[in-house]
Amino acid sequence: MKLLNSLILFLLTVNYALAVPTKTNPDISLNILLLGQKSFQDKPSEKESHKGSAHSHEGHQHQSTDGVSVQEVELYFKSNIDPYWTGNISLGLAQHGSHFDLDLETAYIDSLFIPNFTLRAGKFYTFFGRHNDLHSHYYPFIDPPLINQKLFGFHGLNGVGASIAYLSPLPWYSEAVIQTIKEEHYRGILFLKNLWDLTDQSTLELDLTYARTIKELSKPNSFSLVSINNITNYINQIDLWKDLYNLSLTWKWQDGNNINSAVWTTELVYSNGKLSKQSTKPPRGLALKNLKPTKNAASLNSYIQFQLLKNWWLQGRAEVILDSKWKQIELQKYSTLLAWTATEYSAVRLQYDMIKINADWSYAIALQTNMSLGAHPAHLY
Amino acid sequence: MLKNILLSLALLVTVAVSYSDSHSKKPSDSTPKKKLYILTSTNTLRSLSQEIAGALLKIESLTKGKQDPHYLSAKPSYMLKANKADLLIINGLDLEVGWLPNIIAGSKNPKIQKGKQGYLDTSDFITALSVPTTKVDRFFGDIHPFGNPHFLLDPIRAIQAVKAISNKLAELDPNNKTQYIKNQEMFEKKLLKKTTEWEQRIKKSGVKKIVSYHSSFEYFLDRFDLKLTGLIEEKPGIPPSSKHILHIVKKIKQEQSFCVLTASWYQTKWAKKLKQMANILVQPTAIEVGAVETATNYILLIEGIVQSIESCKAK
Ligand SMILES: [Zn+2]
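Every value quoted in this text rests on a predicted model; they were computed, and no experiment measured them.

Asker: If you had to explain the overall build of chain A to someone new, which residues and values would you point to?
Answerer: When helices and strands are tallied, chain A shows three helices and 17 strands. By residue count, 35% of the 381 residues in chain A fall in the buried class. Within chain A, contacts between residues at least 6 apart in sequence are counted, and of these 65% link residues at least 24 apart.

Asker: Tell me about the overall build of chain B, and name the residues and values.
Answerer: The secondary structure content of chain B amounts to ten helices and eight strands. Buried positions account for 43% of the 315 residues belonging to chain B. Considering only contacts within chain B whose residues lie at least 6 apart along the sequence, 63% involve residues at least 24 apart.

Asker: Quick one: what's the story with the sheet that holds strand β1 (residues 37-40) of chain B, residue by residue and with numbers?
Answerer: Residue and element names in this part refer to chain B. Ordered by their spatial adjacency, four strands build an open sheet running β2-β1-β3-β4, and the pairing between neighbours is parallel. Only two strands of the sheet have a single neighbouring strand rather than two, namely β2 (58-61) and β4 (119-121). Averaged over all adjacent pairs, the angle separating strand axes in this sheet is 20°, with direction ignored. Inspection of the sheet shows β1 paired to strand β3 (residues 87-90) by three bridges, in the parallel sense. Residue pairing in the sheet places Leu39 in a bridge with Leu88 of β3. The strands touched by helix α2 (residues 43-53) within the sheet are β1, β2 and β3, with β2 carrying the most contacts at an inclination of about 165°.

Asker: Could you give me a rundown of the environment of Asp222(B), with the residues and numbers involved?
Answerer: Residues and elements named next belong to chain B. Counting through the fold element by element, Asp222 comes out in helix α7 (residues 218-223). Remark: the alpha-carbon pair of Asp222 and Leu129, spanning 93 residues in sequence, is separated by 9.4 Å. Residue contacts for Asp222: discarding those within four places in its chain leaves Leu129 and Asp154.

Asker: Explain the interface of chain B and chain A to me, and be specific about the residues and the numbers.
Answerer: In this complex, chain B contributes 44 residues to the contact, which on the side of chain A involves 38 residues. Of all the secondary-structure elements, those providing two or more residues to the side of chain B that touches chain A are α1 (2-24), α3 (76-84) and α4 (100-106) of chain B. Tallied by class, residues from the side of chain B that touches chain A come to 22 nonpolar, eleven polar and eleven charged.

Asker: Quick one: what's the story with the domain arrangement of chain B, residue by residue and with numbers?
Answerer: Residues and elements named next belong to chain B. Domain annotation for chain B reports domain 1 (35-130 + 140-188) and domain 2 (204-314). Each of domain 1 and domain 2 has a C-alpha centre, and the two are 26 Å apart. At the interface, 26 residues of domain 1 touch 22 residues of domain 2. Put simply, the parts of the chain that give the side of domain 1 that touches domain 2 at least two residues each are α2 and α5 (155-172). With five residues, α2 is the single largest residue contributor to the side of domain 1 that touches domain 2. Each residue belonging to the side of domain 1 that touches domain 2 can be placed in one class, and the counts come to ten nonpolar, nine polar and seven charged.

Asker: Residues and numbers for the confidence of the model for chain A, please.
Answerer: Residues and elements named next belong to chain A. On average, chain A scores 80 in pLDDT, and the residues at 70 or more come to 75%. Between the elements of chain A, mean pLDDT differs from a low of 36, seen in strand β10 (residues 224-227), to a high of 97, seen in strand β5 (residues 117-125). Low pLDDT, under 50, characterises residues 45-64; the predicted model gives this stretch 15 contacts beyond four residues in sequence or across chains. With pLDDT under 50 throughout, residues 221-237 is counted as low confidence; its partners more than four residues away or in other chains account for 40 contacts.

Asker: I'd love a proper account of unusual backbone geometry, names of residues and values included.
Answerer: Residues and elements named next belong to chain B. Unusually for a residue other than glycine, Leu93 sits at a positive phi of about 55°. Even without being a glycine, Asp94 presents a positive backbone phi close to 65°. Inspection of the secondary structure assignment puts Asp94 in the loop between β3 and α4.

Asker: Explain the nonpolar core to me, and be specific about the residues and the numbers.
Answerer: Counting residues in each nonpolar core, the largest one holds 79 residues, and the members touching the most others are Ala82(B), Leu88(B), Ile89(B), Ile103(B), Ile165(B) and Cys259(B). Examining the composition of this core, we find that seven residues originate from one element, helix α10 (residues 298-314) of chain B, more than from any other. Of the residues that make up this core, three or more belong to each of domain 1 (35-130 + 140-188) and domain 2 (204-314) of chain B. Those residues in contact with Leu88(B), other than ones at most four positions away along the chain, are Leu39(B), Ala82(B), Ile112(B), Gly118(B) and Tyr119(B). Among the nonpolar cores identified, the runner-up in size contains 21 residues, and Ile147(A), Trp241(A), Val269(A) and Ala297(A) belong to it.

Asker: Could you give an account of the environment of Ile189(A), naming the residues involved and the relevant values?
Answerer: Residue and element names in this part refer to chain A. Tracing the backbone through its elements, the reader meets Ile189 in strand β8 (residues 186-197). It is 5.7 Å that separates the C-alpha atoms of Ile189 and Tyr210, two residues lying 21 residues apart in sequence. In contact with Ile189, not counting residues within four places along its chain, are Thr126, Phe127, Phe128, Gln179, Thr209 and Ala211.

Asker: Help me get a handle on α3(B), residues and values and all.
Answerer: Looking only at α3(B), the buried set comprises Pro76(B), Tyr78(B), Met79(B), Leu80(B), Ala82(B) and Asn83(B). Against β6 (158-167), β7 (173-182) and β8 of chain A together with β1, β3 and α4 of chain B lie the buried residues of α3(B).

Asker: Break down the sheet that holds strand β7 (residues 260-263) of chain B for me, with residues and values.
Answerer: Residue and element names in this part refer to chain B. With respect to topology, four strands assemble into an open sheet ordered β6-β5-β7-β8, the strand pairing being parallel. Of all the strands in the sheet, just β6 (227-231) and β8 (282-285) have a single pairing partner and so form its edges. The mean inter-strand angle of the sheet, taken between neighbouring strand axes irrespective of direction, is 35°.

Asker: Let's hear about the packing of α2(B) against helix α6 (residues 177-205) of chain B: which residues, and what values?
Answerer: Packed helices, taken two at a time, are described by the angle between their axes plus the distance between the axes. Residues and elements named next belong to chain B. α6 packs onto α2 with a crossing angle of 120° between their chain directions and a minimal axis gap of 7 Å. Between α2 and α6, the angle falls in the class oblique. Between α2 and α6, the contacting residues are Glu51, Ile52 and Ala53 on the first element and Tyr180, Asn183, Gln184 and Phe187 on the second. Here the contact of α2 with α6 is composed, by residue class, of four nonpolar, two polar and one charged.

Asker: Tell me about the pairing of β7(B), and name the residues and values.
Answerer: Residue and element names in this part refer to chain B. Looking at chain direction, strand β5 (residues 209-212) and β7 are connected through two bridges and run parallel. Within the sheet, the bridge partner assigned to Ser212 lies in β7 and is Leu261. With four bridges joining them, β7 and β8 adopt parallel strand pairing. For Leu261, the partnering residue across the bridge sits in β8 and is Gln283.

Asker: Tell me about the environment of Glu188(B), residues and numbers included.
Answerer: You can see Glu188(B) is positioned in helix α6. Measuring from C-alpha to C-alpha, the distance between Glu188(B) and Asp225(B) comes to 21 Å, with 37 residues separating the pair along the chain.

Asker: Pulling in residues and values, what's your account of the packing of helix α8 (residues 242-255) of chain B against helix α9 (residues 269-278) of chain B?
Answerer: All names here are of chain B. Packing of α8 against α9 leaves a shortest axis separation of 11 Å and a crossing angle of 50°. Regarding the angle of α8 to α9, the classification is oblique. The chirality of how α8 crosses α9 is right-handed. In contact with Ile245, Val249, Ile252 and Lys253 of α8, α9 contributes Trp270, Lys273, Leu274, Met277 and Ala278. Considered class by class, the residues forming the contact of α8 with α9 number seven nonpolar, no polar and two charged.

Asker: For the confidence of the model for chain B, give the residues involved together with the corresponding values.
Answerer: Residues and elements named next belong to chain B. In the predicted model, chain B carries a mean pLDDT of 86, and the fraction of residues at 70 or more is 87%. Note that residues 15-30 has pLDDT below 50 and, in this model, seven contacts with residues that lie over four places away or in other chains. Reported for the predicted complex are a pTM of 0.83 and an ipTM of 0.80.

Cut-offs applied
Residues numbered from 1 in each chain as written. Chains lettered and ligands numbered in written order. Predicted model: local features only at pLDDT ≥ 70, side-chain atom pairs only at ≥ 80, totals over all residues. Helix = DSSP H or I, 4+ residues; strand = E, 2+ residues; numbered from the N terminus. Buried ≥ 20, exposed ≤ 12 C-beta atoms within 10 Å, placed from the backbone. Contact = placed C-beta atoms within 7 Å. Pairing = 2+ DSSP bridges. Axes fitted to C-alpha atoms, helices over the stretch in contact; angles between N-to-C directions. Nonpolar A, V, L, I, M, F, W, Y, C, P; charged D, E, K, R; others polar. Domains from an automatic or database assignment. pLDDT = per-residue confidence, 0-100. Core = buried A, V, L, I, M, F, W, Y, C linked by C-beta atoms within 7 Å. Parallel < 35°, antiparallel > 145°, perpendicular 65-115°, else oblique. Left-handed = near helix turned anticlockwise from the far one by under 90°.

Shown next, in the form of structure tokens:
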């Protein structure tokens, strides 16, 4: 019943969102991500097939992610409240196996009245490298980097809290952000973003993030508004991290008229320490099934995006996750993606993944449509 | 560990705040006041503001003249410029909707937020054309839902925008008010005189109909009593299909409307097709100040469009 009410509310708002925009209504947009996916596995090693039966109680973990699904429907509102505050709300409806979850992804206010500072309060995605604060329809690839999934699970690092951002008066763009949120546990994040214009058309960005679990909660929090099935029966596949470090470097080039561009991002993540409590968050990718949480983990991921013609993108990504002793590569993943963006409002993306976990290779092919309705989407940099 | 980081960050913030304070509080009675810094979204607005301000103010544009102002990225370095601006002048009517809101939000500058004294939307001072009266839908392309934003190509509407700019400059910098008003009046007089001359020249050219790529020329055509035969782009923001090009060539021949104008930044694949199919020559024309070398100011920008029309006749 509760779900039905929420769905009706959701659809009503969608209907409102698609009405004629007026000068006072908030900007409202609706993003629809549909995903078709098929995975293949090399003949599993003996070790793996034994594991299969032993872990049958893991429920959703062994459910195939193959097939067609609604990756996410996101409804997004944004508006200045007055000359002092601006508000931001997004609701996400996502399919997890056979059921749908409606989530309040973000609901926060930002200050507009303090020179060089932005205060934020509410529920939001924290900064962590290049990826965590992106909404799913802005992801450079269909799925987030593996290390993000491994550390933060399906919903990313997101919670209720507060944040202070400070733009320094240095001659280049240099911003420092302190954030604290309550999600599963109390977390604190320190984020430093630096960006230099190399030429009129190219930039270099260096981001440093330090995240820490400030206080463990005995009963982890969950923010799912509505859930048909109880998602808490996911077993722990998420790292129970204590300290995290992220260093990311991005080089970007764009011609003057949005016909050709290139992006190269490299991210180094290091996780240190482990918490005692179990996590309840479901992981996103199919690749994480056989991964054990580790005490320490390190990851390197690097991707490159080429806008070949105005409407075509070719991309590649390589990711490795190392074990706690820094010796063995626990997981490697290679992805290529071809996207056709007919306009700013639609994209059709085809992604091919090769994943090696321990000694076994698996492969996945995914086709995603990314549609946006309503308010004009922002050209993120 | 965390404590140390928080402490050092607090220190950094304190140092930076006192640094920026010491800079902003510098001007005293004896030293001359720092020039106001004006940021415009387009280069045409920069040029128009320059006509009013002369050397009294520092004026910069986010869009370079050769860039299509529909498409820009919200580069953090633009946020840095916006952070220092005393006034932000925008075109409005959603021309900059894809990129400017992020720059304003990222500027962390309370002065230039929408509705504040340092925010000027010039479209508030003109009457827009092609305002949709029914529900808008992107099946019809990337239409501007509040009306066509390309009003600055009409010299009379440009005069209205310039008046709004000069009033705003006078409000923010009352010491130079008389100079701004004088400059505005001079510019208006000069532009009115030129507009009469352009009217006569267009009439003399005999050109009555225009084909254009995007609806960039709607206000210009309206002002100079020219008709639009058709648009090359299939729908706003959607490049033409071969079928659509065939259709437009047919229409050009039917209506004997051989004057084809296009903004200098649009792709010219289709222009070659027009040349091959019907020997129709396309005139790439600046629609922003600085888009071509000769369009160094607003009057030369409109002069360039008028010359393109005159050269249509010459062929
Ligand atoms: Zn336009």
